[in-house]
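# Remarks on the overall topology
Residues per chain, in single letters:
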Amino acid sequence: MLIDEKSIYVVDGGDYSIYCLGYTQARTVTNDIMKADPWGGIPFVLRKDLEFSLDDRGNVVMSRVVLDKILFLASDDLPEGDE
């Protein structure tokens, strides 16, 4: 398995999804979750198809399409009105 520190990963446990930058951070989050709740099962660590790069100062640079995908994933559904 390629350890990619410049990709976005999601730690998915069914009830939660935690987005991480880099494989090392995703594995650290996974290990913390498993230590806190050893009977809760093993969460999945999945690489997301969200490409970005870093500029010379370490800032994240991404296309508008990738930003839109991230905003969609981070957004909750709109509340429904009472009818």
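Here's what I pulled together on the structure shown here. (Residues numbered from 1 in each chain as written. Predicted model: local features only at pLDDT ≥ 70, side-chain atom pairs only at ≥ 80, totals over all residues. Heavy atoms only, no water.)

### Describing the environment of Ile-33
The condition is simple: Secondary structure follows DSSP: runs of H or I at least 4 residues long count as helices, runs of E at least 2 residues long count as strands, and numbering of each begins at the N terminus. In what follows, residue pairs with any heavy atoms lying within 4.5 Å of each other are defined as contacts.
Turning to its location among the elements, Ile-33 is positioned in helix H1 (residues 23-36). In this structure, the C-alpha to C-alpha distance between Ile-33 and Val-11, residues 22 residues apart in sequence, is 9.7 Å. Sequence-distant contacts of Ile-33, defined by excluding residues within four places in its chain, comprise Val-11, Tyr-16, Ile-18 and Pro-43.

### Points about H1
Heads up, the rule is: Multiplying 1.5 Å by the helix residue count minus one yields the expected span of that helix. The buried label goes to any residue with under 20% of its type's maximum accessible area, the exposed label to any with over 50%, and the partly exposed label to all in between, with areas taken from a 1.4 Å probe on protein chains only. Picture the helix axis, draw a direction to every C-beta atom, and the arc is the one those directions span.
Given a rise of 1.5 Å per residue, 14 residues ought to cover 20 Å, and the 20 Å separating the end C-alpha atoms of H1 matches this to within 8%. Along H1, the residues that are buried comprise Tyr-23, Ala-26, Val-29, Thr-30 and Ile-33. Down the axis of H1, the buried side of the element spans an arc of 130°, and every buried residue falls inside it. Exposed side of H1, more than 90 degrees from the buried face: Lys-35 and Ala-36 are the residues found there. Lining the buried residues of H1 we find strand E1 (8-12), strand E2 (17-21) and strand E3 (44-47).

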